[in-house]
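Fold and geometry: a report
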Amino acid sequence: MTGIDATVTDIASCFALEGTLESIEPYGDGHINTTYLATTNRRRYILQRMNTEVFADIASLMRNIELVTDFLRAKGQETLDLVPTKNGEPYLQTAKCAWRMYAFIENTIYYSLVPDAQVFRESGAAFGAFQNTLADFDASRLTETIAHFHDTPKRFLDFRAALDADVHGRAAACHGQIDFFLGRAALYPVIMRGLADGSIPLRVTHNDTKLNNILMDAKTHKARAIIDLDTVMPGSMLFDFGDSIRFGASSALEDEQDLDRVHFSSELFRSYAQGFVGQVHASITAREAELLPTGAMLMTLECGMRFLTDYLAGDTYFAIKYPAHNLVRARTQIKLVQEMEAASSETDAIVNEVMEEAGGR
Ligand code: ADP
Ligand code: GN1
Ligand code: MG
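The rules behind each value
- Residues numbered from 1 in each chain as written.
- Chains lettered and ligands numbered in written order.
- Predicted model: local features only at pLDDT ≥ 70, side-chain atom pairs only at ≥ 80, totals over all residues.
- Heavy atoms only, no water.
- Salt bridge = Lys/Arg side-chain N within 4 Å of Asp/Glu carboxyl O.
- Helix = DSSP H or I, 4+ residues; strand = E, 2+ residues; numbered from the N terminus.
- Buried < 20%, exposed > 50% of the residue type's maximum accessible area, 1.4 Å probe, protein only.
- Phe/Tyr/Trp six-rings, centres within 6.5 Å; stacked < 30°, edge-to-face > 60°.
- Near = heavy atom within 4 Å.
- Polar contact = N/O pair within 3.5 Å; in protein donor to acceptor, adjacent residues only side chain to side chain.
- Areas by Shrake-Rupley, 256 points an atom, 1.4 Å probe, with all protein chains shown as cover.
- Axes fitted to C-alpha atoms, helices over the stretch in contact; angles between N-to-C directions.
- Parallel < 35°, antiparallel > 145°, perpendicular 65-115°, else oblique.
- Left-handed = near helix turned anticlockwise from the far one by under 90°.
- Contact = heavy atoms within 4.5 Å.

Attention shifts here to the pattern of salt bridges. This structure, assessed with the given rule, holds 21 salt bridges. A salt bridge links Arg-63 to Glu-66; the shortest N-O distance between them is 3.9 Å. Residue Arg-63 and its partner Glu-66 are both found in helix H2 (residues 58-74); the two are separated by three residues, about one turn of the helix. Taking the relative accessible area as the measure of exposure, Arg-63 reaches 47% and is therefore partly exposed. Taking the shortest distance from any N to any O, the salt bridge between Arg-203 and Glu-288 comes out at 2.8 Å.

So, on to the packing of aromatic side chains. Where two aromatic rings form a pair, the distance of their centres and the angle of their planes describe that pair. Scanning the model with the defined rule gives 16 aromatic pairs in all. Plain terms: the ring middles of Phe-241 and Phe-276 are 5.5 Å apart, the flat faces sit at 65° to each other, and that makes the pair edge-to-face. A residue pair is termed long-range when its members are at least 10 positions apart, and Phe-241 in helix H7 (residues 237-248) and Phe-276 in helix H8 (residues 266-280) qualify at 35 residues. Phe-241 gets classed as buried once you look at its relative accessible area, which sits at 0%.

So, about the site of ligand 1. Near ligand 1 there are 19 residues, and of these Asn-33, Gln-48, Ile-105, Asn-212 and Asp-228 occur at the shortest range. At 2.9 Å from an oxygen atom of ligand 1 is found a side-chain nitrogen or oxygen belonging to Gln-48. Between ligand 1 and Ile-105 there is a distance of 2.9 Å, counted from a nitrogen atom to a backbone nitrogen or oxygen. With the chains in place, 98% of the 550 Å² that ligand 1 exposes on its own is no longer accessible.

The next subject is the packing of helix H3 (residues 117-133) against H7. Where H3 contacts H7, the two axes come as close as 11 Å, and the packing angle between them is 160°. In terms of their interaxial angle, H3 and H7 are classed as roughly antiparallel. The chirality of how H3 crosses H7 is right-handed. Residues Phe-120, Phe-127 and Gln-131 of H3 lie in contact with H7, whose contacting residues are Met-237, Ser-244, Ile-245 and Gly-248.

As structure tokens, this is what we get:
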């Protein structure tokens, strides 16, 4: 047994594994849960220590996962497959932590950077299809796992509070970034206002549509499974579209330090929109279509603001690898927003073209 930590090995042994545990190692690029790859002599598993700071009600979170994965499986979609504990529980609660295990979805790959336009188009189609599949899921059965998740005005208030508190005295060194977010407050309510007045429909959405939350077939590069279902909640289609663009329509990683390498790509925006709208053209409303570029900009602003908030608050939310990591992440988001702003007439035109191609409204 090669293990990094006897405790993690003991935890893994509490689940109904097939075979004998051979190794456990850290795995993946997620910022929220602590993920391990556990290997037995028979098969591989994903073991996760869930983030109980972020998810206050683990029992409800796991109930959501069971409901959503059962629903997707019944519709013939490949999805996450929970492995119960040896006591038949869906997850393991220890004195301090909560753990879950999934079957490893084999022969797949995930990307942190878009390798080519076709893969991004494919991911758009997969998230669009996910949206369609969940259209008749009864939202009232879902618990809101993180309140106000994409409530951008609320995120702005949190940012302002972290700025006022400035607990680590970090604000002085990032005035430019702070002013960037303070200066765009008028845009923040657009989606929440639309949801409130009914001009934007409330749907069941994934809410965390980064490219590395899709597993693609290693050979065909077709999307196999959408994962990280922790934030499946009622929301706007614009959240899912926007967050994918934020992460994927960039020439660089989310934490690229050299901003000269960070560019928003309208052509990648087009590819993703083709895939996404190609799937949702029967349900997307004219207002939603019109707001697709705004959704991308808002999700990028919101995420950048969240990174900067966490930097100011002392890095309590997102996993970091070095002290300025969250500031570096905030800077890439700002660069992307600047380029999205400059490209806004182009992205508006792309949406019109893509809607026409898809035969939408
Ligand atoms: P986080 O919330 O921290 O992002 P995720 O649930 O997204 O955690 O998992 C982190 C990473 O682990 C994913 O990006 C993916 O690479 C990998 N992963 C998670 N579940 C599976 C699975 N069932 N099979 C294969 N890889 C997985
Ligand atoms: C987190 O869990 P993960 O790493 O897929 C975060 C998203 C952010 C993203 C930024 C539950 O996603 O909201 O957009 O980091 N998830 C949660 O990379 O907060
Ligand atoms: Mg993830």
